[in-house]
Amino acid sequence: TECVSGCVCPEGLFDDGRGGCVEQKDCPCIHNNELYSSGDKIKVDCNTCTCQKGVWKCTDDVCYGTCMIYGSGHYNTFDGKFYDFDGSCEYVATQDFCGDKNSSGSFSIITENVPCGTTGVTCSKAIKMFLGKTELKLENKEYKEIQRDVGDDVQYWNRTVGLYLVIEASNGVMLIWDKKTTVFIKLSPDYKGKVCGLCGNFDDKANNDFTTRNGLQETNPLNFGNSWKQSPMCPDVTQEIKPCDLKPHRKSWAEKECSIIQSEVFKICHSKVNPLPFYEACVHDACSCDSGGDCECFCSAVAAYAQECIKAEACVFWRTPDICPIFCDYYN
């Protein structure tokens, strides 16, 4: 009945969020706080999503799961739970020998943690991969094969891709190792809900990843991690080590170096992958590696965030001649 001041779209048109009015078929979609026009495509994990009339329509392929272990005990499980566990022992990273004692399985991956630096934190230095009756031991930048008497024959292939050694097995297990302290474990979708260990159970739910060896749900990462040690002789981890408190003179250096993760360099990734846990892990590692190799610890921590960014389709060029350079012609 009377005029009201304001901006509205004419009848039949819709606000497109950018200050314009569009027909319904041209409505944009939102992902990670960014607007995408109708017809735009994005990748989410291994699926492609297309914006149609303001709604995402996605393919529903079942994707491989990835667990990342890096630096001094940082874990990102198959279901995306990020936590720290710093124990000096051998631990089950993931295996399909779960449930009762007699359950049969085809693989097991063990990570061996040893102290790195003087603060007491540990880094994954050796990895054992059991595939049927084959045992592969990866340490000191190389791997060796040991044949055992028990188990089935599981075929595997190895190849070097850039910095990484990739081991791919016929049972749908893949291990990618940077020959230092970072390891990625990829599992085919057939293993969903059928694995256990420090990498969680791969059932698409992060809230039940802390399932102990006895099948109990834990909230404390220390109790959870201790349950997966290989040898009962290893001491339990009772407290979280804070290396920056133990080495305060390294703290400001660590914070300055690691600030690259929260800087403009990684800006296109911030809305896609939360940088905070990766920044905190970086500071932790940069404080702890105080007996040589401190740049290696820092570079592994930043590379872990860059890797997650690439998975989220945010390609970041962060290495420079001064920051963690790689001599590509040597590795090609």
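Residues numbered from 1 in each chain as written. Predicted model: local features only at pLDDT ≥ 70, side-chain atom pairs only at ≥ 80, totals over all residues. Heavy atoms only, no water.

Taking an unreviewed UniProt entry as the reference, the chain is identified by name as MUC2 protein belonging to Erythrocercus mccallii.

So what about the state of the cysteines? Which residues, and what values?
Chemically, a disulfide is nothing more than a covalent bond linking the sulfur atoms of two cysteines. Tallied over the full model, the rule gives 12 disulfides. Two residues, C289 and C297, share a disulfide whose sulfurs are 1.7 Å apart. Linking C289 and C297, the disulfide has an S-S dihedral of approximately -75° and is accordingly described as left-handed. Taken individually, C289 and C297 each receive the classification buried, so the pair is uniform in this respect. (Disulfide = S-S within 2.5 Å. Buried < 20%, exposed > 50% of the residue type's maximum accessible area, 1.4 Å probe, protein only.)

So what about the domain arrangement of the chain? Which residues, and what values?
Each domain of the chain was delimited in the assignment, giving domain 1 (13-58), domain 2 (65-227) and domain 3 (243-312). Taking both sides of the interface into account, the surface hidden between domain 2 and domain 3 amounts to around 1,500 Å²; carbon and sulfur atoms contribute 60%. Counting across the interface, domain 2 meets domain 3 through 5 residue pairs in polar contact (both at pLDDT 80 or more). At the level of secondary structure, the elements contributing two or more residues to the side of domain 2 that touches domain 3 comprise β8 (65-70) and β9 (74-76). No other element matches the 3 residues that β8 contributes to the side of domain 2 that touches domain 3. By residue class, the composition of the side of domain 2 that touches domain 3 is 7 nonpolar, 10 polar and 3 charged. (Domains from an automatic or database assignment. Buried area = accessible area lost by both parts, 1.4 Å probe. Polar contact = N/O pair within 3.5 Å; in protein donor to acceptor, adjacent residues only side chain to side chain. Helix = DSSP H or I, 4+ residues; strand = E, 2+ residues; numbered from the N terminus. Nonpolar A, V, L, I, M, F, W, Y, C, P; charged D, E, K, R; others polar.)

For the nonpolar core, give the residues involved together with the corresponding values.
The biggest cluster of nonpolar side chains holds 42 residues, and the ones touching the most others in it are I109, L175, I185 and L187. Considering each element in turn, this core owes the most residues, 4 residues, to strand β13 (residues 122-131). Excluding anything up to four places from it in sequence, L175 contacts I109, I127, M129, L138, L165, V166, I167, V183, F184 and I185. Counting residues in hydrophobic clusters, the runner-up holds 35 residues, among them Y70, I260, C287 and A304. (Core = buried A, V, L, I, M, F, W, Y, C linked by side-chain atoms within 4.5 Å. Contact = heavy atoms within 4.5 Å.)

Break down the packing of aromatic side chains for me, citing the residues and quoting the values.
Using the criterion set out here, one finds 12 aromatic pairs in the structure. Pairing F210 with F224 gives two aromatic rings, centres 4.8 Å apart and planes at 20°, and the pair type is stacked. In this pair, F210 sits in the loop between β19 (183-187) and α1 (221-227) while F224 sits in helix α1, placing the two residues 14 residues apart along the sequence. Comparing F210 with F224 shows no difference in burial state: the two are buried. Seen from their ring centres, F266 and Y305 are 5.2 Å apart, and the 50° between their planes marks the pair as tilted. With F266 in the loop between α3 (248-258) and α4 (267-270) and Y305 in helix α6 (residues 294-311), this residue pair connects regions lying 39 residues apart in the sequence. By relative accessible area, F266 is classed as buried at 0%. (Phe/Tyr/Trp six-rings, centres within 6.5 Å; stacked < 30°, edge-to-face > 60°.)

How would you explain the pairing of strand β14 (residues 134-139) if you had to name every residue and give the values?
Most of β14 sits out of view: 5 of its 6 residues are buried. Across 6 bridges, the pairing between β14 and strand β15 (residues 142-147) is antiparallel. Bridge pairing in β15 places T134 opposite Q147. Joining the antiparallel neighbours β14 and β15 is a turn of 2 residues, in which N140 adopts a positive phi near 50°. (Pairing = 2+ DSSP bridges.)

I'd love a proper account of the sheet that holds strand β16 (residues 156-161), names of residues and values included.
Pairing is antiparallel across the open sheet formed by 7 strands, whose spatial order is β10-β9-β8-β19-β18-β17-β16. Single-partner strands in this sheet number two, and they are β10 (82-84) and β16. Neighbour-to-neighbour, the strand axes of this sheet turn through a mean angle of 15°, independent of strand direction. Across 4 bridges, strand β17 (residues 164-169) lies against strand β18 (residues 173-177) in antiparallel orientation. Bridge assignment links E168 to a residue of β18, and that residue is M174. (Axes fitted to C-alpha atoms, helices over the stretch in contact; angles between N-to-C directions.)

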